[in-house]
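# Overview (structure and organization)
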Amino acid sequence: MADAPARFKDLCLDANDHHALADWWCAAMGYVRRDDLEDAGTPEDDEPRPHDWPIPIVDAAGEGPLIWVVPVPERKTVKNRMHFDVVGETWPLIAAGARMVREQDDEVEWSVLADPEGNEFCVFAPEE
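Residues numbered from 1 in each chain as written. Predicted model: local features only at pLDDT ≥ 70, side-chain atom pairs only at ≥ 80, totals over all residues. Heavy atoms only, no water.

### Some words on the sheet that holds strand 8 (residues 120-124)
- Pairing in this open sheet of 4 strands is mixed, and the strands run 5-8-7-6 from one edge to the other. Edge strands, defined here as strands with exactly one partner in the open sheet, are strand 5 (84-87) and strand 6 (99-102). Between one strand and the next, the sheet's axes are offset by a mean angle of 35 degrees, whatever the strand orientation.
- Of the pairings in the sheet, the one linking strand 5 to strand 8 comprises 4 bridges and is parallel in character. Among the inter-strand pairings, phenylalanine 84 is bridged to a residue of strand 8, identified as phenylalanine 121. (Pairing = 2+ DSSP bridges. Helix = DSSP H or I, 4+ residues; strand = E, 2+ residues; numbered from the N terminus. Axes fitted to C-alpha atoms, helices over the stretch in contact; angles between N-to-C directions.)

Written out as structure tokens, the structure reads:
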């Protein structure tokens, strides 16, 4: 819609340990740190990203949105107002450090998990 006052750009995810959470989501969804994909063209571009800067992660297949994992000092204390929906199996995510919040049942067709920092996300079974 050309008349809309805004358009979608990126997703941001707050984290206490943004490096660890970026790595966790990369492993969980097949994402990679965007900096790992960029081949710097000049010597100044080869400078490492400062440790306390947000970390951009992207879908290695180029299909999903850019996600910024942003360092914040406060811990998550209440339910997310926005969350990720993913397609996959719950057991590998739990084995990797996610926690089951609510299993799929007769009321909902998905499971709700929380990442290692407590951010909830919904897991939908792959279509057969």
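### Section: the sheet that holds strand 2 (residues 31-33)
- The 4 strands lie next to each other as 1-4-3-2, forming an open sheet whose pairing is mixed. Strands at the two margins of the open sheet, each flanked by one partner only, are strand 1 (11-15) and strand 2. This sheet shows a mean twist of 30 degrees between the axes of neighbouring strands, independent of strand direction.
- Running over the sheet, helix 1 (residues 18-29) touches strand 1, strand 2, strand 3 (55-59) and strand 4 (67-71) and is turned about 145 degrees from strand 2. (Contact = heavy atoms within 4.5 Å.)

### As for the pattern of salt bridges
- Within the structure shown, the criterion is met by 5 salt bridges.
- Between aspartate 23 and arginine 33 there is a salt bridge; the shortest N-O distance is 3.0 Å. One end of the pair, aspartate 23, is in helix 1; the other, arginine 33, is in strand 2, with 10 residues separating them in the sequence.
- Overlapping salt bridges bring together Arg102, Asp105 and Glu107 as one network. (Salt bridge = Lys/Arg side-chain N within 4 Å of Asp/Glu carboxyl O.)

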